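# Fold and contact review
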Amino acid sequence: MDSATVYADCVAGLSNAALSAKFSAATQAVKDEADLYAVRAAASELHLFQAAAWGDGDQLVLQDLTKSEFVGLYDGQMSSTNGNGRNHYDRLRMTELGICPFCGFGHVSTLDHFASKARYPAFSVLPINLVPACADCNKGKGSAPIEAGSAMPHPYFEESRIESDTWLFCDVLQTQPVTTSYRAETPAHWPAALSGRVQRYFSELELAGRYAVQSASHLANIKAFLRKLMPDELQWYLSRKAVGFPYPNTWEAALYAGLLRSPWFMQEGYRL
């Protein structure tokens, strides 16, 4: 999605001629900031941008445009159902099956500003800063300034090994009914900065508890089926399920891998 087109469409929807002229005059400056965003996001250096003060709507952000004017451009022209840029908002919200890319199971209900518009208003309508999200993940991210060593993985710019290398693990607890515990344990060969981003993502979005709830619900749904299986059938079924997921770090892929690792579950837990 072209960021210049999104910006131009949002500005074109403004009814205030003076405000529209201000945004039009800042077009090149906004483009330069967008280009710099892409460079810094790819290098995990978004913390280099100056964060706006909390609650100061009159703070100048870019040229003579204020924080509240940038935020208003998003609220009035992009997220509003009658906004001139609403079509871009709807396109950005579209994901496969409408599933949140942050948690992997919540239903997308909004766009999350990766660099929050409260702190980085110049990126309010920048497509590469807008990520489809469920309500829980959007709320969990918050709006704190991005600092060196405190960022989460950027869905559009993070290293591919965050999806290919296994770092999410599920441990089976010997309870009745069977419950689980999730943990993030990154590979030893990963750079410390990448490991830190993953750990913060797992912690800030409270994924351990949310994944455990998903797991408990899933186990309750398949309990009757598993009880009918003989041990060799159980081994075959769980093994097939464990290797059937395209990515290893989803709650469900980690669950099946964890079930296979648990001697207790394989011997008696699955019958409880």
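Above this text is the structure in question.
Only a predicted model underlies this, so the values are computations on that prediction, with no experimental measurement involved. Counting starts from 1 at the beginning of each chain's written sequence and moves along it residue by residue. Per-residue local features are limited, in this predicted model, to residues with pLDDT of at least 70; the limit for side-chain atom pairs, both in listing and counting, is 80 or more; totals at the level of whole chains, interfaces and linings are taken over all residues. The basis for every side-chain value is the complete set of non-hydrogen atoms in the structure, without hydrogens or water.

## Describing helix H10 (residues 231-242)
An α-helical turn contains 3.6 residues, so any two residues separated by three or four positions project in the same direction. Look at H10: 16 Å from first C-alpha to last across 12 residues, which is about the 16 Å you get at 1.5 Å a residue. For H10, the set of buried residues is Leu234, Tyr237 and Leu238. Viewed end-on, H10 has its buried residues packed into an arc of 90°, placing them on one side of the element. For H10, the exposed residues lying more than 90 degrees away from the buried face are Asp232, Trp236 and Arg240. Counting from the N terminus, the helices are DSSP H or I runs at least four residues long and the strands are E runs at least two residues long. The span expected for a helix works out to 1.5 Å for each residue beyond the first. Relative accessibility thresholds used throughout: buried, under 20% of the residue-type maximum; exposed, over 50%; partly exposed, between the two (1.4 Å probe, protein chains only). Working note: the arc is built from the helix axis to C-beta atom directions.

## Looking at the side chain of arginine 119
Tracing the backbone shows arginine 119 in the loop between strand E3 (110-113) and strand E4 (130-133). Contact between two residues is taken to exist if any of their heavy atoms lie within 4.5 Å; hydrogens are not considered. Not counting residues within four places of it along the chain, the set of residues in contact with arginine 119 comprises Gln50, Ala51, Ala52, Ala53, Trp54, Ser143, Ala144 and Pro145.

## Regarding unusual backbone geometry
Backbone torsion omega between glutamine 176 and proline 177 reads 0°, so that peptide bond is classified as cis. Tracing the chain through its elements places proline 177 in the loop between strand E5 (168-173) and strand E6 (179-184). Residue glutamine 63 is not a glycine yet carries a positive backbone phi of 55°. The residue glutamine 63 is located in the loop between strand E1 (60-62) and strand E2 (65-66) in this model.

## Re the pattern of salt bridges
Counted as salt bridges are all cases of a side-chain nitrogen of Lys or Arg within 4 Å of a carboxyl oxygen of Asp or Glu. Taken as a whole and judged by the stated rule, the model has nine salt bridges. In this structure, aspartate 90 and arginine 86 form a salt bridge, with 2.9 Å as the shortest nitrogen-oxygen distance. With aspartate 90 and arginine 86 both in helix H5 (residues 86-93) and four residues apart, this pair spans about one turn of that helix. The closest approach of N and O atoms between aspartate 112 and lysine 141, which form a salt bridge, is 3.1 Å. Residue aspartate 112 is found in strand E3, and its partner lysine 141 is found in helix H6 (residues 135-141); the two are separated by 29 residues along the sequence. We note that aspartate 112, like lysine 141, is buried. A network of salt bridges, in which partner residues are shared, links Asp171, Arg183, Glu185 and Arg261.

## Some remarks on the side chain of arginine 40
Mapped onto the elements of the fold, arginine 40 is located in helix H3 (residues 27-42). Within the buried set, arginine 40 has no salt-bridge partner at all; the shortest N-O distance to an opposite charge, 5.6 Å, is to glutamate 45. Here arginine 40 is in contact with Glu45, Leu46, Leu48 and Phe49, once residues within four sequence places are set aside. His is not counted, nor are the chain ends; Lys and Arg add positive charge and Asp and Glu add negative charge.

## A closer look at the pairing of E6
Side-chain alternation along E6 places Thr180, Tyr182 and Ala184 on a buried face and Thr179, Ser181 and Arg183 on a face that remains uncovered. Only when DSSP finds a minimum of two bridges between them are two strands counted as paired. Two elements, E5 and E6, share six bridges in a ladder whose sense is antiparallel. Looking across to E6, one finds that aspartate 171 is bridged to serine 181. Connecting E5 to the antiparallel partner E6 that follows it, the hairpin turn spans five residues.

## Focus on the nonpolar core
By nonpolar core we mean a set of buried residues, namely Ala, Val, Leu, Ile, Met, Phe, Trp, Tyr and Cys, connected to one another through side-chain atoms within 4.5 Å. Among the nonpolar cores identified, the biggest contains 54 residues, and Tyr37, Trp167, Tyr182, Tyr211 and Phe265 are the most heavily contacted of them. Excluding its chain neighbours within four sequence positions, the residues that come into contact with tryptophan 167 are Ile162, Arg183, Ala184, Glu185, Thr186, Pro187, Trp190, Val198, Tyr201, Phe202 and Asn249.

## Re the layout of surface pockets
Here the largest pocket is characterised by a volume of approximately 1,100 Å³. Put simply, the grid is 1 Å and covers the protein atoms alone, a cavity is a trapped set of points that fit a 1.4 Å probe, a pocket is an open set with protein on both sides within 12 Å along at least five of seven lines, and lining residues have an atom within 4 Å of a point. Contributing to the lining of the largest pocket are 32 residues, with Cys100, Pro101, Gly104, Glu163 and Tyr247 lying nearest its centre. Only E4, helix H7 (161-164), helix H9 (207-227) and helix H11 (251-261) provide two or more residues apiece to the lining of the largest pocket. Note that Gly is not counted as nonpolar here; it falls among the polar residues with everything else outside the nonpolar set of Ala, Val, Leu, Ile, Met, Phe, Trp, Tyr, Cys and Pro and the charged set of Asp, Glu, Lys and Arg. Class assignment for the residues of the lining of the largest pocket results in 20 nonpolar, seven polar and five charged. Grid points are joined across faces, edges and corners, and a volume is the space filled by probe spheres set on the points.

## Regarding the packing of helix H2 (residues 17-25) against helix H4 (residues 67-77)
The convention used is that axes are lines fitted to C-alpha atoms, helices contributing only their stretch in contact, and that angles between N-to-C directions extend from 0 to 180 degrees. At a closest axis distance of 12 Å, the pairing of H2 and H4 adopts a crossing angle of 100°. Comparing their axes, H4 and H2 come out roughly perpendicular. Here Leu19, Lys22 and Phe23 of H2 come into contact with H4, specifically with Glu69, Phe70 and Leu73. Its residues assigned to classes, the contact of H2 with H4 shows four nonpolar, no polar and two charged. Angles are sorted into four bins: roughly parallel if under 35 degrees, roughly antiparallel if over 145, roughly perpendicular if 65 to 115, and oblique for all others.

These figures capture arrangement, not role.
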